[in-house]
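Analysis of the macromolecular model
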Amino acid sequence: MTHEVIAVLPGDGIGPEVVASGLAVLRATEAMLQGVRFELREFSVGAGEYLRTGDPLPATTLDEIKQCDAILLGAMGLPEVRWPNGVEMTPQIDIREKLDLYNGVRPIHLYHASHTPLKNHAAGGIDLVIIRENCEGLFAERLKPRPPGRDFETDTMKITRHGAERICRAAFQLAEKRRRHVTLVDKANVLPSMAFFRKVFDEVSRDFPAIKTDRVYIDAMALFLVQRPQSFDVIVTENIFGDILSDLAAGIVGGMGMAPSADLGDRYGLFQPSHGTAPTIAGKGIANPIATILSVAMMLDWFGQPETTRGARMIEDAVKSVLADPAHRTSDLGGKLGTAEISRLIVSKLG
């Protein structure tokens, strides 16, 4: 019997709504698997927890989360809930850094031609993965105390050999399972930190001679993702570049509601939709849960057992089957289906 304990962090805004859909699909899938059981443990983390207790990520909660096998997260933060220095609560980033979830995996897949604002792309014609380094880059000193009263601020782009090597290696290992093509995105023509990232990428690439490689500057990649997204397979990049490119790439396949993600380390795995809390639509029952449902599939894949892997394929196939009908669209895709309706359709297609 495979017994996996999942920490459930619904979070803020639409987070609880999309997580509920993801869990409904998880339970329906579980019922079709042999010898697999999922134990769910829910924790309060986020802006709402801060308003209740003064801490968006209590240390005791993090300790309990560490005892679980995986983490399913909805969305965290609210625009009006900020620290004294003006930045929002971002416990999801704190969790990444505290658990060393360095490998940000952001799949981008076009499920129907009507979902993309681009012309001449059929279902499956856009299919790539952005690998985002999660624990350093321009985020490296975001929590560093700053001297008060000065009339400027700085942020440091930090690239270490250890960080660059392990994220590049993760990208190449993923490409071996896909179409054997890795594109490095950097700004090596201007920034020494990016030139160093490229040097490490080139060194790692020698261990994977069967993988084709390209090197593209970040500004050019923003252009190419719009002009020719079909030419990319695995893209690896620094933290802030990956943050920005992930949203752009989601936009070309229908928006943030279509973009699942995983934040992976050597011990822990966290799975969440790439979107934010969307407080303006919270409670209206119209949030798109597909990114969360696909994140559940990524979690099952990550567990690495034959039955959980089969469950992941079941969920992915159900999503593809539902979205093959252009009438099956949520409001963000120009349709009329609500959160519950699209979730029920996906459950009905399982197996």
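Now for a description of the structure that goes with this document. Here the structure is a predicted model, which means the values were calculated and not measured.

This part covers the layout of surface pockets. In this structure, the largest pocket spans a volume of roughly 1000 Å³. As for the largest pocket, its lining consists of 33 residues, of which Val105, Pro107, Leu174, Met298 and Asp301 are closest to the centre. By residue class, the composition of the lining of the largest pocket is 19 nonpolar, 4 polar and 10 charged. Its volume calculated, the second largest pocket comes out at about 590 Å³. In terms of lining, the second largest pocket is formed by 20 residues, of which the most central are Asn85, Val87, Thr90, Arg142 and Leu143. The residue inventory of the lining of the second largest pocket, partitioned by class, reads 10 nonpolar, 3 polar and 7 charged.

Let's shift gears to helix H5 (residues 161-176). Counted at 1.5 Å a residue, the expected span for H5 with its 16 residues is 22 Å, and the 22 Å between its end C-alpha atoms agrees. Among all positions of H5, only Gly163, Ala164, Arg166, Ile167, Cys168, Ala170, Ala171, Phe172 and Ala175 are buried. Among the structural elements, strand S4 (103-109), strand S5 (127-133), strand S6 (181-186), helix H6 (192-205), strand S7 (212-217) and strand S8 (234-237) are those in contact with the buried residues of H5.

What follows covers the pattern of salt bridges. Using the criterion set out here, one finds 26 salt bridges in the structure. Between Glu153 and Arg146 there is a salt bridge whose closest N-O contact spans 2.8 Å. Notably, a salt bridge pairs Arg313 with Asp301, separated by 2.5 Å at the nearest N-O pair. In this pair, Arg313 sits in helix H10 (residues 306-323) while Asp301 sits in helix H9 (residues 290-303), placing the two residues 12 residues apart along the sequence. Among the residues examined, Arg313 registers a relative accessible area of 31% and is labelled partly exposed. Judged by its relative accessible area of 30%, Asp301 is partly exposed. When salt bridges that share partners are traced, they join Asp127, Arg178, Arg179 and Asp233 into one network.

Considering the arrangement of structural elements, one finds Ser343 in helix H11 (residues 339-349). Residue class for Ser343 comes out buried when judged on its relative accessible area of 6%. Among the polar contacts listed, one links the side chain of Ser343 to the side chain of Ser21, at a separation of 2.7 Å. Residues within four places of Ser343 in sequence aside, it is in contact with Ser21, Pro289 and Ile293.

This part covers H9. Given a rise of 1.5 Å per residue, 14 residues ought to cover 20 Å, and the 20 Å separating the end C-alpha atoms of H9 matches this to within 8%. With 12 of 14 residues buried, H9 is to be regarded as a mostly interior element. Immediately downstream of H9, the backbone of Gly304 shows phi near 75°, a positive value.

Let's shift gears to the nonpolar core. One finds Val182, Ile315, Val319 and Ile346 to be the most contacted residues of the largest nonpolar core, which totals 83 residues. Per-element accounting of this core gives the leading share, 9 residues, to H9. Excluding residues within four positions of it along the chain, Val182 makes contact with Ala171, Phe172, Ala175, Phe201, Ile211, Lys212, Thr213, Asp214, Val234 and Val236. Val45, Leu57, Cys68 and Ile95 belong to the second-largest nonpolar core, a separate cluster that totals 17 residues.

Judged by pairing direction, the sheet is mixed, and its 10 strands sit side by side in the order S2-S1-S3-S10-S9-S4-S5-S8-S6-S7 without closing on themselves. Since the sheet does not close on itself, it has two edges, and those belong to strand S2 (36-42) and S7, each with one partner. Neighbour-to-neighbour, the strand axes of the sheet open up by a mean angle of 25°, direction not taken into account. When S4 meets S5, the two strands line up antiparallel, connected through 7 bridges. Residue pairing across strands places Arg106 opposite Ile130, the latter belonging to S5.

Looking at where Arg41 falls in the secondary structure, it is placed in strand S2. Of the residues examined, Arg41 reaches a relative accessible area of 34% and is grouped as partly exposed. Residues within four places of Arg41 in sequence aside, it is in contact with Val5, Ile6, Ala7, Val8 and Cys68. Reaching out from Arg41, the side chain makes a polar contact with the side chain of Glu39 at a distance of 3.0 Å.

On to the packing of aromatic side chains. We describe a pair of aromatic rings using the distance from one ring centre to the other and the angle between the two ring planes. The full count for this structure, using the stated rule, is 5 aromatic pairs. Both rings, one in Phe172 and one in Phe208, keep their centres 5.0 Å apart while their planes meet at 15°; by these two values the pair is stacked. Residue Phe172 is located in helix H5, and its partner Phe208 is located in the loop between H6 and S7; the two are separated by 36 residues in the primary sequence. Of the two residues, Phe172 and Phe208, neither departs from the other in class, the shared state being buried. Their ring planes at 55° and their centres at 5.6 Å tell us that Phe271 and Trp302 sit as a pair that is tilted. Linking Phe271 in strand S10 (residues 269-273) with Trp302 in helix H9, this pair joins segments that are 31 residues apart in sequence. Of the residues examined, Trp302 reaches a relative accessible area of 29% and is grouped as partly exposed. Among the aromatic residues, those joined into a cluster by ring pairs are Phe38, Phe271, Trp302 and Phe303. One Lys or Arg, Arg228, reaches over the ring of Phe224 and ends 4.1 Å from the middle of that ring.

Thresholds, definitions, all that
Residues numbered from 1 in each chain as written. Predicted model: local features only at pLDDT ≥ 70, side-chain atom pairs only at ≥ 80, totals over all residues. Heavy atoms only, no water. 1 Å grid on protein atoms, 1.4 Å probe; cavity = no way out; pocket = protein on both sides within 12 Å on 5 of 7 lines; lining within 4 Å. Points joined across faces, edges and corners; volume = space filled by probe spheres on them. Nonpolar A, V, L, I, M, F, W, Y, C, P; charged D, E, K, R; others polar. Helix = DSSP H or I, 4+ residues; strand = E, 2+ residues; numbered from the N terminus. Expected span 1.5 Å × (residues − 1). Buried < 20%, exposed > 50% of the residue type's maximum accessible area, 1.4 Å probe, protein only. Contact = heavy atoms within 4.5 Å. Salt bridge = Lys/Arg side-chain N within 4 Å of Asp/Glu carboxyl O. Polar contact = N/O pair within 3.5 Å; in protein donor to acceptor, adjacent residues only side chain to side chain. Core = buried A, V, L, I, M, F, W, Y, C linked by side-chain atoms within 4.5 Å. Pairing = 2+ DSSP bridges. Axes fitted to C-alpha atoms, helices over the stretch in contact; angles between N-to-C directions. Phe/Tyr/Trp six-rings, centres within 6.5 Å; stacked < 30°, edge-to-face > 60°. Lys NZ or Arg CZ within 6 Å of the ring centre and 35° of its normal.

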